[in-house]
Amino acid sequence: MARGENNDAHGSGNVPAAAAAAGGGGAVAGKQTGAEGQSVVRRLQSELMALMMGGGPGVSAFPEGDNIFQWVGTIAGSAATAYEGTSYRLSLAFPSDYPYKPPKVRFDTPCFHPNVDAHGNICLDILQDKWSSAYDVRTILLSIQSLLGEPNNDSPLNTQAAALWANQEGSKTNPGFLPISSTTPHL
């Protein structure tokens, strides 16, 4: 997956430069700036503002540097799951035809989970065949956060994690089972 090359932040405080310029409408590195491109930029700026005003519990995302098409997100593990108390960094790369095509989303922080492979790729239906232009960044982050506690073991990317999760489900009748915890590798 291609990553943005702009690593320097030009903003002040905790607001990235792209967030500070959200209303600016300037040229965006590496993406089209015609009418279609400006429509995508406006959509992403709107989603950024909505997230800044109240994205949801345990989720956040901001553009990476000046590139509105490349974002960094964070999600916190949900309470009462094996991921409680953890925090994960994600990368979101938006295509030039967003929101009609989903962004490419992956974990940057290692995550030992049935639906996350060793490279951080995520198997989640709304990021693939169940994508809708009605979804937004908030929906994506909340869905991934939910996936942490409720994996789809029928479609695992990590078979070792899937096997452990299946055993955890059966652990109610097997008190000797060690559930997935913070001691599990890569969690």
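Small disclaimer: the values here were computed from a predicted structure and weren't measured.

Analysis parameters
- Residues numbered from 1 in each chain as written.
- Predicted model: local features only at pLDDT ≥ 70, side-chain atom pairs only at ≥ 80, totals over all residues.
- Heavy atoms only, no water.
- Buried < 20%, exposed > 50% of the residue type's maximum accessible area, 1.4 Å probe, protein only.
- Helix = DSSP H or I, 4+ residues; strand = E, 2+ residues; numbered from the N terminus.
- Pairing = 2+ DSSP bridges.
- Contact = heavy atoms within 4.5 Å.
- Salt bridge = Lys/Arg side-chain N within 4 Å of Asp/Glu carboxyl O.
- pLDDT = per-residue confidence, 0-100.
- Axes fitted to C-alpha atoms, helices over the stretch in contact; angles between N-to-C directions.

A. Representation of the pairing of strand β3 (residues 87–93). Most of β3 sits out of view: five of its seven residues are buried. For strand β2 (residues 67–76) and β3, the ladder comprises seven bridges, and the chain directions are antiparallel. Bridge assignment links Thr74 to a residue of β3, and that residue is Arg89.

B. Representation of the side chain of Asn158. You can see Asn158 is positioned in the loop between α3 (137–149) and α4 (159–169). If sequence neighbours within four positions are ignored, Asn158 has contacts with Phe112, His113, Pro114 and Val116.

C. Structural context of the pattern of salt bridges. Counting across every chain of the model gives three salt bridges. With a shortest N-O distance of 3.4 Å, Asp108 and Arg89 are connected by a salt bridge. Remark: Arg89 occurs in strand β3 and Asp108 occurs in the loop between β4 (104–107) and α3; sequence separation between them is 19 residues. The exposure class of Arg89 is partly exposed, given its relative accessible area of 36%. In this structure, the salt-bridge partner of Asp108 is Arg106, at a minimum N-O distance of 2.5 Å. Where salt bridges share partners, they join Arg89, Arg106 and Asp108 into one cluster.

D. Representation of the confidence of the model for the chain in the model. In this model, the chain carries a mean pLDDT of 79, and residues with pLDDT of at least 70 account for 72%. Below pLDDT 50 for its whole length, residues 170–187 participates in 24 contacts with residues either more than four positions away or in separate chains.

E. Quick peek at the sheet that holds β4. In spatial order, the strands read β1-β2-β3-β4; together these four strands make up an open sheet with antiparallel pairing. At either margin of the open sheet sits one strand with a lone partner, and together these are β1 (59–64) and β4. On average, each strand axis in the sheet is tilted by 25° relative to the strand beside it, whichever way the strands run. Taken strand by strand, helix α2 (residues 35–54) contacts β1 and β2, and its axis lies near 30° from that of β2.

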